[in-house]
Amino acid sequence: MQNSGQKFGSVCPHDCPSTCALEVEIGAGGRVGAVRGAADNSYTAGVICAKVSRYAERIHHPDRLTQPLLRTGPKGSGQFRPIGWDEALDRVAQAFTDSTARHGADSVWPFYFAGTMGLVQRDGINRLRHVMRYSRQKMTICTSLPEAGWVAGIGQSRGTDPREMAESDLIVVWGGNPVSTQVNVMTHVSRARKQRGARLVVVDPYRTPTAEVADLHLPLRPGTDGALACAVMHVAFRDGHADRAYLARHTDCPDALEAHLRTRGPEWAATITGLSVAAIEDFARLYASTPRSYIRAGYGFARSRNGAANMHAVSCLPAVTGAWQHRGGGALWSNRGMYHWDKTLIEGLDALDPSVRVLDMSRIGSVLTGDRSELGDGPQVHALLIQNQNPVTVCPDSNRVRRGFARNDLFVCVHEQFMTETARWADVVLPATMFLEHDDVYQAGGHSHIQIGRKLVEPPGTCRSNHEVLQGLAQRLDARHPGFEMSAMEIIDATLRASGWPDAETVLRERWIDAMPAFEDAHFLTGFPQPDGRFRFAPDWRAMGDTAGVMPRLPDHMESVEAATPDCPFRLVTAPARSFLNTSFTEMASGRRREGRPTVRLHPDDAAQAGIVDGAKVRLGNARGEVVLHARIVDGQQRGVLVSESIWPSECFEGGIGINALTSDDPGPPLGGAVFHDTAVWLRAAATEMPLAAD
């Protein structure tokens with residue numbers, strides 16, 4: 001029997017709230033074997049997603065980039081030749097120097113997001129940005145809308161310990177699909193169902209894998225979550241389930257809220273959500289009468305023009321019923337705000353100049369095509385350094401993004417693991433390490449552990465980590481900061497100490513540090529993190545952003561979505577696929593086999609009216625673009641609602657145009673944010689292709 005290899009602890013680096021604690025087998029020659037969840041971690045509990053369990057397929061993939069490349073053909077052609085690291089970094093540094101000399105430092109835009117969740121390798125690009133005074137980045141593509149809505153009422157991004165779901169009598173997964181995207185949630189839900197007979201309710205526009213295993217699924221229309229939340233609160237007040245003592249002690253204006261909600265009952269909400277009055281009444285009574293009720297809020301229902309208002313409305317529910325007082329009660333969106341990091345060393349915050357302009361990452365297409373609402377009075381962007389992101393595929397209004405990348409006066413360097421669509425548009429491509437090939441420190445959004453992932457294997461070819469690339473550029477650009485002179489592990493240790501956490505040696509020895517505060521603080525029984533210690537039903541939206549004037553004073557349905565019209569009568573949701581994580585894992589053959597091909601889910605009656613049969617080729621479009629995919633006729637969603645699980649690489653679509661050609665880069669108020677699930681489209685059967693003539 002072959003030796004299975006030595007086992008090491010590690011951490012999943014991917015953009016999922018779980019950042020799972022891992023156990024990784026390393027065999028002879030640094031070959032990665034089995035990847036499992038750490039059984040002794042109280043949140044991961046030995047369970048990880050199928051994507052990460054197959055990580056050996058990804059890290060040893062034959063298509064990994066292993067050497068720097070220089071473009072030799074037209075932009076976007078994918079034609080490159082190998083070059084050495086010195087030449088590659090010299091070219092990048094020279095392009096940044098030339099752009100700065102001609103147009104100013106803010107004509108250079110370092111662009112990144114969460115291809116890795118490690119704090120050093122992800123956020124270190126900001127150190128170069130701040131030292132060199134390059135344009136800053138508004139981080140809107142994922143969290144700004146849900147975070148604005150959550151913080152509006154609660155005051156900080158944290159909530160009930162997710163392990164308490166196992167002690168709940170009712171778990172409401174609202175706008176999320178943890179079976180596909182955060183499997184550890186289901187571990188704790190399963191414990192509650194088996195041990196307590198707890199019920200699981202899913203609020204989502206379509207029958208997700210999570211909805212399929214729920215006791216109750218509420219398939220509301222996209223963007224109407226605020227109306228449903230208001231109706232639930234209406235019933236709580238009407239039927240005597242509102243905890244008036246808790247409201248008086250812990251909230252800002254319960255009397256005004258009750259008066260406001262008198263006209264927002266189940267009948268009102270039914271006309272907006274498309275749910276029946278009976279379904280709304282049943283859910284409202286169930287929630288309002290269950291003290292140990294836990295809302296696990298996802299990201300999906302906030303990715304709409306009214307997303308922040310919807311999140312705020314949902315976050316009001318446990319304040320009305322007083323669920324925060326009970327073990328297994330309350331709510332959680334993310335614990336990302338609880339770690340009190342001092343990231344001065346990682347991000348170079350001591351060099352940050354707040355007068356340098358900030359560009360919205362979700363609107364990169366508008367930025368690169370000269371939209372003055374983004375550029376302000378500053379110069380056009382003439383140079384990009386991209387790490388941890390694939391904007392040509394992932395960002396909204398992708399046809400506009402491609403037009404921006406096609407500019408001949410734009411220099412692009414992409415640091416990547418695979419030849420993504422964005423990398424194909426680059427002038428210089430640099431090969432990047434994966435998480436087992438470098439050191440980093442991780443926080444969690446979906447739980448409360450701080451973990452360190454050590455370098456366990458050597459990278460293939462000449463791959464370098466993000467930190468090493470930034471060090472090489474800093475040397476050439478004369479960017480001076482202590483962080484550029486330190487190893488990743490030295491930065492990790494110094495950052496932990498500066499932030500009031502145990503040092504790196506201790507974290508490695510203990511495997512993880514649990515940062516969850518005591519019950520009273522986690523449940524806000526000592527006060528919400530607001531100036532007056534009270535939950536806010538009436539947030540100070542204007543303190544958040546310039547567009548806050550459109551926000552409702554009290555929780556409500558906010559009529560601001562891209563509504564269906566006679567020309568575009570369908571509402572499209574671009575939800576995550578189970579086997580992909582944005583565009584990570586799309587290179588793995590196992591995931592592609594499972595997903596099959598790009599599809600759009602539609603209601604049987606919509607299909608019949610359009611003359612579309614299951615599996616038929618269809619075309620979706622609006623003023624921004626068109627895409628071709630295949631129909632999947634299903635129940636579990638309302639008429640007029642389309643769902644395309646994504647994000648498939650664009651080359652998997654006929655014509656090479658992916659789903660984000662349809663989505664808008666309109667910023668959602670009050671802080672901006674990508675509105676991926678708020679799209680109006682038309683749908684029609686695609687023209688039948690003629691067979692090729694025989695030779």
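Because the structure is predicted, anything quoted here is derived from the model rather than measured. (Residues numbered from 1 in each chain as written. Predicted model: local features only at pLDDT ≥ 70, side-chain atom pairs only at ≥ 80, totals over all residues. Heavy atoms only, no water.)

Undergrad: Is there a simple way to explain the overall build of the protein in this structure?
TA: What the protein contains, in helices and strands, is 28 helices and 25 strands. Relative to a compact globule of 695 residues, whose C-alpha radius of gyration would be 26 Å, the protein shows 25 Å and is just as compact. Within the protein, buried positions represent 64% of all 695 residues. Within the protein, residue pairs in contact and separated by at least 24 positions form 75% of the contacts whose partners lie at least 6 positions apart. Only carbon and sulfur atoms are counted for the fraction: they give 48% of the accessible area of the protein, which is about 24800 Å². One way to put it: in the protein the 73 positive side-chain charges average out to a point 2 Å from where the 79 negative ones average out. (Helix = DSSP H or I, 4+ residues; strand = E, 2+ residues; numbered from the N terminus. Rg over C-alpha atoms; globule rule 2.2 N^0.38 Å. Buried < 20%, exposed > 50% of the residue type's maximum accessible area, 1.4 Å probe, protein only. Contact = heavy atoms within 4.5 Å. Areas by Shrake-Rupley, 256 points an atom, 1.4 Å probe, with all protein chains shown as cover. Lys, Arg positive; Asp, Glu negative; His and termini not counted. Charge placed at Lys NZ, Arg CZ, Asp CG, Glu CD.)

Undergrad: Is there a simple way to think about the pairing of strand β9 (residues 199-203) in this case?
TA: The buried fraction of β9 is high, at four of five residues. Looking at chain direction, strand β8 (residues 170-174) and β9 are connected through five bridges and run parallel. Across the sheet, the residue bridging to V172 is V201, located in β9. Both β9 and strand β10 (residues 216-218) contribute to a ladder of three bridges, which runs parallel. The partner of V203 across the bridge, within β10, is L218. (Pairing = 2+ DSSP bridges.)

Undergrad: Help me out: how do you make sense of the pattern of salt bridges in this one?
TA: Close approach of charged atoms lets side chains of opposite charge pair. Summed over the entire model, instances satisfying the criterion amount to 50 salt bridges. Ionic pairing is found between D90 and R476, a salt bridge with its closest N-O pair at 2.7 Å. With D90 in helix α3 (residues 85-103) and R476 in helix α23 (residues 466-477), the pair connects residues that are 386 residues apart, well separated along the chain. The salt bridge partner of R497 is D503, with a shortest N-O separation of 3.3 Å. One connected set of salt bridges, linked through shared partners, spans R305, E562, R571, R624, D666 and D678. (Salt bridge = Lys/Arg side-chain N within 4 Å of Asp/Glu carboxyl O.)

Undergrad: How should I be thinking about helix α15 (residues 307-315) in this particular structure?
TA: Each α-helix winds once per 3.6 residues, and so residues spaced three or four apart point in a common direction. Of all nine residues in α15, nine are buried, a share of seventy percent or more. G307, A308, A309, N310, M311, H312, A313, V314 and S315 are the residues of α15 that are buried. Taken together, the buried residues of α15 touch α6 (144-154), β8, α10 (225-238), β11 (293-297) and α16 (317-321).

Undergrad: Any chance you could explain the sheet that holds strand β2 (residues 21-26) here in plain terms?
TA: Taken in spatial order, the three strands make up an open sheet running β1-β2-β3, and their pairing is antiparallel. Only two strands of the sheet have a single partner each, and these edge strands are β1 (6-11) and β3 (32-37). The average undirected angle you get between the axes of adjacent strands in this sheet is 30°. Judged from the six bridges that link them, β1 and β2 form a sheet pairing that is antiparallel. For G9, the partnering residue across the bridge sits in β2 and is E23. (Axes fitted to C-alpha atoms, helices over the stretch in contact; angles between N-to-C directions.)

Undergrad: Can you help me understand the confidence of the model for the protein in this one?
TA: When pLDDT is low, close inspection of the predicted coordinates is not appropriate. In the predicted model, the protein carries a mean pLDDT of 96, and the fraction of residues at 70 or more is 98%. Scored below 50 in pLDDT, residues 688-695 shows two contacts in the model against residues more than four places distant or in partner chains. (pLDDT = per-residue confidence, 0-100.)

Undergrad: When you look at the sheet that holds β11 in this model, what are you seeing that I'm missing?
TA: Strand pairing in a sheet takes place through backbone hydrogen bonds and is either antiparallel or parallel in direction. Read across the sheet, five strands follow the order β10-β9-β8-β11-β12 without closing on themselves; strand pairing throughout is parallel. If you trace the sheet from one side to the other, it starts and ends with β10 and β12 (330-332), each paired once. Mean inter-strand twist for the sheet, computed between neighbouring axes without regard to direction, equals 15°. Examined bridge by bridge, β8 and β11 share five bridges and lie parallel to one another. When the sheet's bridge partners are listed, W174 is paired in β11 with A297. Where α10 meets the sheet, its contacts fall on β8, β9 and β10, and the angle it forms with β8 comes to roughly 155°.

Undergrad: Which parts of the structure should I look at to understand empty space enclosed by the protein?
TA: Picture a little ball the size of a water molecule; that probe, rolled over the atoms, points out where space is still empty. Under the counting rule described, the total for this entry stands at two cavities of 30 Å³ or more. Taken together, 17 residues form the lining of the largest cavity, with C12, C16, C49, V52 and T181 sitting closest to its centre. Those elements that place two or more of their residues in the lining of the largest cavity are α1 (50-53), α7 (178-181) and α8 (183-196). Counted by class, the lining of the largest cavity contains nine nonpolar, seven polar and one charged residues. There is about 30 Å³ of room inside the second largest cavity. Surrounding the second largest cavity, R129, H130, R133, Y134, R136, A351, L352, D353 and V356 form its lining. Residues of the lining of the second largest cavity, tallied by class, amount to four nonpolar, one polar and four charged. (1 Å grid on protein atoms, 1.4 Å probe; cavity = no way out; pocket = protein on both sides within 12 Å on 5 of 7 lines; lining within 4 Å. Points joined across faces, edges and corners; volume = space filled by probe spheres on them. Nonpolar A, V, L, I, M, F, W, Y, C, P; charged D, E, K, R; others polar.)

Undergrad: In this structure, what is going on with the nonpolar core? I would like to understand it.
TA: Proteins that are soluble and globular tend to have nonpolar side chains buried together. Of all hydrophobic cores here, the largest spans 111 residues; its most connected members are W174, L228, L384, F405 and F537. The greatest single-element share of this core, amounting to ten residues, is contributed by α10. Dropping the residues within four chain positions of it, L228 is found in contact with W174, V203, L218, L220, T273, L275, I280 and F283. Counting 29 residues, the second-largest nonpolar core is a separate cluster that includes V92, L128, C413 and L470. (Core = buried A, V, L, I, M, F, W, Y, C linked by side-chain atoms within 4.5 Å.)

Undergrad: Help me understand the packing of aromatic side chains in this model?
TA: The way to describe two aromatic rings as a pair is by their centre distance and the angle between their planes. Enumeration over the complete set of coordinates arrives at 15 aromatic pairs. With 5.8 Å between their ring centres and 80° between their planes, F96 and Y134 make a pair best called edge-to-face. Of the two residues, F96 is situated in helix α3 and Y134 in the loop between α5 (125-132) and β7 (136-138); the sequence distance between them amounts to 38 residues. What makes F96 buried here is its relative accessible area of 0%. Between W109 and F111 the ring centres are 5.1 Å apart and the planes differ by 85°, which places this aromatic pair in the edge-to-face class. What links up through ring pairs into an aromatic cluster is the set W324, F524, F528, F535 and F537. Above the face of the F484 ring, R127 is positioned so that its terminal group lies 4.8 Å from the ring centre. The residue whose ring lies beneath R264 is W268, and the NZ or CZ to ring-centre distance is 5.7 Å. (Phe/Tyr/Trp six-rings, centres within 6.5 Å; stacked < 30°, edge-to-face > 60°. Lys NZ or Arg CZ within 6 Å of the ring centre and 35° of its normal.)

Undergrad: Whenever I open this one, the environment of W174 confuses me. Can you help?
TA: Among the secondary structure elements, W174 is positioned in strand β8. Between the alpha carbons of W174 and L218 there is a distance of 9.6 Å; along the sequence they are 44 residues apart. Residues within four places of W174 in sequence aside, it is in contact with V203, D225, L228, A229, F283, I295, R296, A297, G298, F301, V314 and L317.

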